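Coordinate analysis (summary)
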Amino acid sequence: EAFEVPEEVGQTFNEKVKERGQKAYRQWAELFGQYQESNTDLADELMLAYEENDLPADYDSKLAYVAADTEPEATRASSSSIIQDLAEGIPYLWGGSADLASSNKTNIEIEDDFMPDNRAGRNIWFGVREHAMAAMMNGIALHGGSKVYGGTFFIFSDYLKPAVRIAAISQLPVTYVLTHDSVAVGEDGPTHEPIEQLATFRATPHLNVIRPADYNETLAAWKLAVQSKDKPTMLVLTRQGVPVLENTQSLAEEGVAKGAYVVSKANDKAEGLLIATGSEVSLAVEAQSLLKEKGHHVNVISMPSMELFEEQDEDYKESVLPSDIMNRLTIEMGATYGWERYAGDSGASLGIDRFGKSAPGSEVVESFGFTPENVAEIY
């Protein structure tokens, strides 16, 4: 009959498969018991990672938020520095790139490569196969016992999509390091310049998409990624340098965890809001100064993660996006789809609802109107 397991199938399973598994487990338990006696600390570390999916208590001891006078750098470079410190604090963190390690900056510099003759290597060369990379990451996460990440250009996230969806459905805490996140890529042109990808992945349930604005937000995002036990994290990072913003040294950890926060308050009572992500947050801060000169006082909101912001209670959301402030401008170098929920009926969105252009990155950015002067003019 349909949906009925024949008796002989069940009997065969119990006699062969079940007994085989029980025997293998008894052998493993005996071997691990011997290992615990001779390697107590390593055995405890293994169980912390494998059974509890947790981190060492002092995993972040080398991590530190930096001051606003720190030299500007791309968030992909910030991510690289953070990976080095995390790798020292989390012995079971490993990962790599789909043959773009030098650009994604995913290598753990003090470690060897994972190879057939070196299973202890922590740098994985996934090869030019983004989907397979993400699928392998799912397998590693399902096995348990380690934290894994994989990198490629953000535009190639299209190849990752089916495996990312499985990670989200399966509640796998893998981390995607996706660099070259906007039209600032420049000369490579429309085929390599992300437009719709942010909207696509923000629409994916149970996936944290985080686009940090500077070093401090990148650090806060990485901490959320490795702390996650049941949700994949997508870090969307810049190719071009960005300044460390005033206030993120003290505000980024809590602000990124909550998805959005006021990164730069108006000097007077705010009459409007500039809401931005990633490299556009510093642009919004520059525009804020121009608007102040014209007598307009606005708050700048950094919104690295819509998903995390939507998880907050209504009081917090109201504190960041007051309902009585309807003059709002969202700023992001990507599709404006989805931003209407924050711009509101009286607001506007500065984005890119067409494919990109081929030219030096700074020229492309300017041609699409991402300048302080244009932001102030639109407002």
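Notes on the structure in this doc start here. (Residues numbered from 1 in each chain as written. Predicted model: local features only at pLDDT ≥ 70, side-chain atom pairs only at ≥ 80, totals over all residues. Heavy atoms only, no water.)

**A closer look at the sheet that holds strand S13 (residues 348-350)**
With respect to topology, five strands assemble into an open sheet ordered S9-S11-S10-S12-S13, the strand pairing being mixed. Whereas interior strands pair on both sides, the edge strands pair on one side only; in this sheet they are strand S9 (261-264) and S13. When strand polarity is set aside, the average angle formed by the axes of neighbouring strands in this sheet is 30°. Examined bridge by bridge, S9 and strand S11 (residues 298-302) share three bridges and lie antiparallel to one another. Along S11, the bridge assignment pairs Val262 with Ile301. (Pairing = 2+ DSSP bridges. Helix = DSSP H or I, 4+ residues; strand = E, 2+ residues; numbered from the N terminus. Axes fitted to C-alpha atoms, helices over the stretch in contact; angles between N-to-C directions.)

**Topic: the packing of aromatic side chains**
Ring pairs (aromatic) are described by centroid distance and by the angle formed between their planes. For the structure on display, the rule yields ten aromatic pairs. For the ring pair Tyr25 and Trp28, a centre distance of 6.2 Å and an interplane angle of 25° mean the geometry is stacked. A residue pair is termed a helical-turn pair when its members lie 3 or 4 positions apart in one helix, as Tyr25 and Trp28 do in helix H1 (residues 7-38) at three residues. In this structure Tyr25 comes out as exposed when scored by relative accessible area, which is 54%. A relative accessible area of 43% means that Trp28 is categorised as partly exposed. One aromatic cluster in this structure is built from Tyr25, Trp28, Phe32 and Tyr35. Positioned above the aromatic ring of Phe368, the side-chain terminus of Lys357 is 4.8 Å from the ring centre. (Phe/Tyr/Trp six-rings, centres within 6.5 Å; stacked < 30°, edge-to-face > 60°. Buried < 20%, exposed > 50% of the residue type's maximum accessible area, 1.4 Å probe, protein only. Lys NZ or Arg CZ within 6 Å of the ring centre and 35° of its normal.)

**Comments concerning the layout of surface pockets**
Over the atoms, a rolled probe matching the size of one water molecule traces out where space is still vacant. Of the voids in this model, the largest pocket is the one considered here, and its volume is about 520 Å³. Together, 22 residues line the largest pocket, and Leu46, Tyr92, Gly144, Gly145 and Ser146 are the ones closest to its centre. Of all the elements in the fold, those that place two or more residues in the lining of the largest pocket are H1, helix H2 (40-50), strand S2 (93-97) and helix H5 (130-143). Here the element with the most residues in the lining of the largest pocket is H2; it accounts for six residues. The residue makeup of the lining of the largest pocket, split by class, is 14 nonpolar, five polar and three charged. Computed from the structure, the second largest pocket encloses a volume of approximately 230 Å³. Considering the residues around the second largest pocket, the lining is formed by 14 residues, among which Ser279, Ser282, Leu283, Val365 and Phe370 are closest to the centre. Going through the elements one at a time, strand S8 (241-242) and helix H10 (280-293) are the ones with two or more residues in the lining of the second largest pocket. A per-element tally of the lining of the second largest pocket places H10 first, with four residues. Of the residues belonging to the lining of the second largest pocket, the class tally is seven nonpolar, five polar and two charged. (1 Å grid on protein atoms, 1.4 Å probe; cavity = no way out; pocket = protein on both sides within 12 Å on 5 of 7 lines; lining within 4 Å. Points joined across faces, edges and corners; volume = space filled by probe spheres on them. Nonpolar A, V, L, I, M, F, W, Y, C, P; charged D, E, K, R; others polar.)

**Some remarks on the nonpolar core**
The tendency in soluble globular proteins is for nonpolar side chains to be buried as a group. With 46 residues, the main nonpolar core has Leu274, Met303, Leu321, Ile331 and Phe370 as its most contacted residues. The element that contributes the greatest number of residues to this core is H10, accounting for five residues. Not counting residues within four places of it along the chain, the set of residues in contact with Ile331 comprises Leu274, Ile275, Ala276, Thr277, Glu280, Leu283, Ala284, Leu350, Phe370 and Val375. (Core = buried A, V, L, I, M, F, W, Y, C linked by side-chain atoms within 4.5 Å. Contact = heavy atoms within 4.5 Å.)

**Considerations on the side chain of Asn104**
With respect to the element layout, Asn104 can be found in helix H4 (residues 101-104). A polar side-chain atom of Asn104 sits 2.8 Å from a polar atom in the side chain of Thr179. Setting aside chain neighbours within four positions, we find Asn104 in contact with Arg76, Ser97, Gly151, Thr152, Phe153, Val177 and Thr179. (Polar contact = N/O pair within 3.5 Å; in protein donor to acceptor, adjacent residues only side chain to side chain.)

**What to know about the pattern of salt bridges**
Evaluated as defined, the whole model comprises 14 salt bridges. One salt bridge connects Glu88 with Lys62, and the closest N-O pair in it is separated by 2.7 Å. Highlighted residues: Glu88 in helix H3 (residues 75-89) and Lys62 in the loop between H2 and strand S1 (73-74), separated in sequence by 26 residues. For Glu88, a relative accessible area of 44% translates into the label partly exposed. Lys231 is the partner of Glu311 in a salt bridge, and the nearest nitrogen-oxygen pair spans 3.0 Å. Here Glu311, found in the loop between helix H11 (306-310) and helix H12 (314-320), pairs with Lys231, found in the loop between helix H8 (215-227) and strand S7 (233-236); they are 80 residues apart in sequence, far enough to count as distant. Judged by its relative accessible area of 48%, Glu311 is partly exposed. Salt bridges sharing partners connect three or more residues here, namely Asp181, Arg202, Arg211, Glu280 and Glu332. (Salt bridge = Lys/Arg side-chain N within 4 Å of Asp/Glu carboxyl O.)

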